[in-house]
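Overview (structure and organization)
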Amino acid sequence: MNILLGIIIGLVILMLLVVAHEFGHFIMARRNGVRVLEFGIGFPPRAIAWVRNPSWQKGKKGVKKWIRLPKSEWEKPQKHMIFSINWLPIGGFCSMDGESDSDTRKGTFGAASFWQKTKILFGGVLMNWLVAFVVLTILAFTGMPQFIEHQFYLGNDAEIIGGGVSVIDVIEGSPAEKAGFNNGDQIIQVDDQNVMYPTNVTTYGQEHAGESVKYTVRSGDEEKELTAKLNPEGSEYSLGISMSYGQTFIRSSWSAPIVGLGTTIQLTGETFRGLGDMIWDLVSGAVRQFSSDSVVREAGQNAISAAGDAVSGPIGIIGIIFPAFASSGASNLAFLAALISVSLACMNVLPIPALDGGRWLLIAIYKLRKKPLTKETEEKIVSRAFMILIMLIILISILDITRFF
């Protein structure tokens, strides 16, 4: 039941984020004189639709009204914008008049100036960043969950709630027992590095096997330093403790909008860095497959696997990630929504023709070349890029299914 609820919540949140993206296009199109034919929530088939009636409401001069569009009129072109709700809850769309760059009719996207097209194409990206900023600002007021090491906040206006890595068991005769660890100790630092999660302690111990490591721990109200001589590499364990994790929340007051903006920028940087690492792993891994050295080929396979593990498609997001976050509380779920909103913004900036950034780059290249971008050429380039994206989504979805089961 929790998984089903998480899937439903995931579908709703993803749809709202995509609708927000399309609403950004809608606002910029209307502000720059481009006619919007239809704004839809969900994807067809259509469930219900309204059209703006050009007549004035009775007794209310200057106010235009909306009337329900009968099914008999659905397939006929309308003089005014249609607002529709559709059956497939997987996003939304903003259909503009003359979306080809070669269209020159007044009020079309093609007839808009290059600067106007830039604002329209990146309106969705800006809206996704704005949504993330608003959500993260609210979280900063109520308590921002900490997911990133060195997550942004202002120290003079921050209340740290919960958190910490606690020792729940010490193995007899282990380096931890010899160093003086006790059940209930909270590990704060390892060799002056802040500890956020149990994996920080475990990974650091594995990397420094056989060495003497300094641990800063809090026992009750007392803070102390313990030095442990870790077991050598290949041992059953390095330190010899079991740990539990309490999630950290950071609450701000007057600085909440600053924290919201700073965290949005930080998540954007982390997203682009993750995309760069994934592409590097994929490309370098593929190149290494041509090596005659088996060790190099194996390293390449590991890099490709790392790239595959770093990305998740719709099935992974809706079927695995959202159910996990939905069961961990509203704050974590809201943070995930903000993160996905930032990810949508970052993805649409990329120079891929089927995405906003790619369409802008295509228009810019032809403008610099001072050559017309014909409808046929634009459709050919965008459709081929779109097919590649669909193939990638299918491949990632297959990987998600194997992870799920």
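The structure reproduced in this document is the subject of the present report. Model, not experiment: these values are computed from the prediction.

1. Quick notes on the packing of aromatic side chains
Per the stated rule, a full pass over the model turns up 11 aromatic pairs. Their ring planes at 80° and their centres at 6.1 Å tell us that phenylalanine 23 and phenylalanine 39 sit as a pair that is edge-to-face. Of this pair, phenylalanine 23 sits in helix 1 (residues 2-31) while phenylalanine 39 sits in strand 1 (residues 36-57), placing them 16 residues apart in sequence. Judged by relative accessible area, which is 7%, phenylalanine 39 ranks as buried. Consider the rings of phenylalanine 181 and tyrosine 215, whose centres lie 5.4 Å apart with planes at 80°: the pair is edge-to-face. Residue phenylalanine 181 is found in the loop between helix 4 (175-179) and strand 7 (186-190), and its partner tyrosine 215 is found in strand 9 (residues 212-219); the two are separated by 34 residues along the sequence. Residue phenylalanine 181 shares its accessibility class with tyrosine 215, and that shared class is buried. An aromatic cluster is defined as three or more aromatic residues linked by ring pairs; in this entry it consists of Phe23, Phe26, Phe39, Trp50 and Phe83.

2. Some details on the side chain of arginine 359
As for its position among the elements, arginine 359 is in helix 10 (residues 356-369). In this structure the side chain of arginine 359 is engaged in a polar contact, spanning 3.1 Å, whose partner is the side chain of glutamate 378. When near neighbours in sequence (up to four residues on either side) are disregarded, arginine 359 contacts Glu99, Phe109, Leu121, Ile352, Pro353 and Glu378.

3. Observations regarding the pattern of salt bridges
In this structure the tally under the stated criterion is 13 salt bridges. The shortest N-O distance in the salt bridge between arginine 35 and aspartate 97 comes to 3.9 Å. On the criterion of sequence distance, the pair formed by arginine 35 in the loop between helix 1 and strand 1 and aspartate 97 in the loop between strand 3 (82-96) and helix 2 (114-121) is long-range, its members being 62 residues apart. For aspartate 97, a relative accessible area of 12% translates into the label buried.

4. Notes on the layout of surface pockets
Considered as a void within the structure, the second largest pocket measures approximately 440 Å³ in volume. Breaking the lining of the second largest pocket down by element, the ones donating at least two residues are strand 5 (159-162), strand 7 and strand 12 (248-251). The dominant element in the lining of the second largest pocket, judged by the number of residues it contributes, is strand 7, at three residues. Class assignment for the residues of the lining of the second largest pocket results in 10 nonpolar, nine polar and two charged.

5. Notes on unusual backbone geometry
Cis rather than trans, the peptide bond between proline 44 and proline 45 has omega equal to 15°. Relative to the assigned elements, proline 45 resides in strand 1. Here the phi dihedral of aspartate 191 falls at roughly 50°; this positive angle occurs in a residue that is not glycine. Although it is not a glycine, lysine 370 adopts a positive phi angle of roughly 55°. Tracing the backbone shows lysine 370 in the loop between helix 10 and helix 11 (375-404). Look at lysine 370 and you get exposed, because its relative accessible area is 77%.

Parameters at a glance
Residues numbered from 1 in each chain as written. Predicted model: local features only at pLDDT ≥ 70, side-chain atom pairs only at ≥ 80, totals over all residues. Heavy atoms only, no water. Phe/Tyr/Trp six-rings, centres within 6.5 Å; stacked < 30°, edge-to-face > 60°. Helix = DSSP H or I, 4+ residues; strand = E, 2+ residues; numbered from the N terminus. Buried < 20%, exposed > 50% of the residue type's maximum accessible area, 1.4 Å probe, protein only. Polar contact = N/O pair within 3.5 Å; in protein donor to acceptor, adjacent residues only side chain to side chain. Contact = heavy atoms within 4.5 Å. Salt bridge = Lys/Arg side-chain N within 4 Å of Asp/Glu carboxyl O. 1 Å grid on protein atoms, 1.4 Å probe; cavity = no way out; pocket = protein on both sides within 12 Å on 5 of 7 lines; lining within 4 Å. Points joined across faces, edges and corners; volume = space filled by probe spheres on them. Nonpolar A, V, L, I, M, F, W, Y, C, P; charged D, E, K, R; others polar.

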